[in-house]
Structure formats: C-alpha cells, structure tokens
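One letter stands for each residue in the lines below.
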Amino acid sequence: MSEVSGSGATYHFGDFELDLKAYSLRLRGRIVRVEGRPLQLLTLLVQRPQELVTRAEIANCVWGNDVFVDIDTGVNTLVWKLRQTLRDSSESPRY
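Let me begin by describing the structure that accompanies this report. (Residues numbered from 1 in each chain as written. Predicted model: local features only at pLDDT ≥ 70, side-chain atom pairs only at ≥ 80, totals over all residues. Heavy atoms only, no water.)

Our next topic: the packing of helix H1 (residues 36-46) against helix H2 (residues 55-63). Running from N to C, H1 and H2 point in directions that differ by 125°, and their axes come no closer than 9 Å. For the element pair H1 / H2, the angle class is oblique. Once H1 is placed against H2, the crossing between them reads as right-handed. Contact residues: Arg37, Gln40, Leu41 and Leu44 in H1; Glu57, Ile58, Cys61, Val62 and Trp63 in H2. Considering only residue class, the contact of H1 with H2 consists of six nonpolar, one polar and two charged. (Axes fitted to C-alpha atoms, helices over the stretch in contact; angles between N-to-C directions. Helix = DSSP H or I, 4+ residues; strand = E, 2+ residues; numbered from the N terminus. Parallel < 35°, antiparallel > 145°, perpendicular 65-115°, else oblique. Left-handed = near helix turned anticlockwise from the far one by under 90°. Contact = heavy atoms within 4.5 Å. Nonpolar A, V, L, I, M, F, W, Y, C, P; charged D, E, K, R; others polar.)

Next up, the structure:
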C-alpha cells in the first residue's frame, strides 16, 4: 500500500476508504462489495504500511493456525481477488 493515512478506524488510500468499525470499503463514497477474506487481507495490509507481510502472517491472519490450506495458492487467490476489487494490476501496481 502506498499513501495510506488514517485514524486507526478509517484508512484512506487513493480514492478508497476502509472503515474498520463498519467493516466496509468505499470508492469515492460508494460501498464496494468485497468478500470477507480479501477484506481481512486489506485490513492487515493497511495497518502495516511500508512493511513486509509474509505469506505465513497472511495465512495466520486469514485462516488461523488450525486450518490447513495450500498457503501459496490461498494467498495468491486472495491477492488476486483484492487486486480485482481495487482495480489494480500486478504488472503496474498502484497499491
């Protein structure tokens, strides 16, 4: 994430606003539909701007320690879904 600002309950980046109290994402004031796990990933990333977040940390945050998933595939899918939601690309990432 780049240019993340926020009060701890609401984060702003680009034209987006993530409201943690309402657990919602808005684009220019309009609610954006986003699934639960990609929203968990987004929350993790905005709370740790300019930090490296490992795949293991993402898996622990999203699935917990008791669930066994293919971490690489699971994280790749989450990142893909989040990029789709944010209208971002892996070739020319903005966030």
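Our focus in this paragraph is the packing of H1 against helix H3 (residues 71-86). With their axes 9 Å apart at the nearest point, H1 and H3 run at an angle of 85° to one another. Put simply, H1 runs roughly perpendicular to H3. Between H1 and H3, the residues in contact are Arg37, Pro38, Leu41, Leu42 and Leu45 and Leu78, Val79, Lys81, Leu82 and Leu86, respectively. Its residues assigned to classes, the contact of H1 with H3 comprises eight nonpolar, no polar and two charged.

All right, on to the nonpolar core then. One finds Phe13, Phe16, Leu18, Leu25, Leu42, Ile58 and Leu86 to be the most contacted residues of the largest nonpolar core, which totals 23 residues. Contributions of two or more residues to this core are made by strand E2 (10-13), strand E3 (16-19), strand E4 (24-27), H1, H2 and H3. By residue number, the principal contributor to this core is H1, which donates five residues. (Core = buried A, V, L, I, M, F, W, Y, C linked by side-chain atoms within 4.5 Å. Buried < 20%, exposed > 50% of the residue type's maximum accessible area, 1.4 Å probe, protein only.)

A grouping of Val67, Val69 and Ile71 is seen on the molecular surface, where their side chains present a nonpolar patch of about 200 Å² in accessible area. Residue class for Val69 comes out partly exposed when judged on its relative accessible area of 35%. (Patch = residues over 30% accessible without salt bridge, like charges linked within 9 Å, V, L, I, M, F, W, Y side chains within 5 Å. Areas by Shrake-Rupley, 256 points an atom, 1.4 Å probe, with all protein chains shown as cover. Salt bridge = Lys/Arg side-chain N within 4 Å of Asp/Glu carboxyl O.)

Judged by which residues are buried, E3 turns out to be one-sided: Phe16 and Leu18 face inward and are buried, whereas Glu17 and Asp19, on the alternate face, are not. Across four bridges, E2 lies against E3 in antiparallel orientation. Looking across to E3, one finds that Thr10 is bridged to Asp19. Between the end of E2 and the start of E3, which pair antiparallel, lie two residues, with Gly14 showing a positive phi angle near 55°. (Pairing = 2+ DSSP bridges.)

Let us look at the pattern of salt bridges. Taken as a whole and judged by the stated rule, the model has six salt bridges. Residue Glu57 is joined to Arg48 by a salt bridge in which the shortest nitrogen-to-oxygen separation is 3.2 Å. The salt bridge partner of Arg55 is Asp72, with a shortest N-O separation of 3.6 Å. Within this pair, whereas Arg55 is found in helix H2, its partner Asp72 is found in helix H3, the two being separated by 17 residues in sequence. If you follow the salt bridges from partner to partner, you end up with Arg48, Glu51 and Glu57 in one network.

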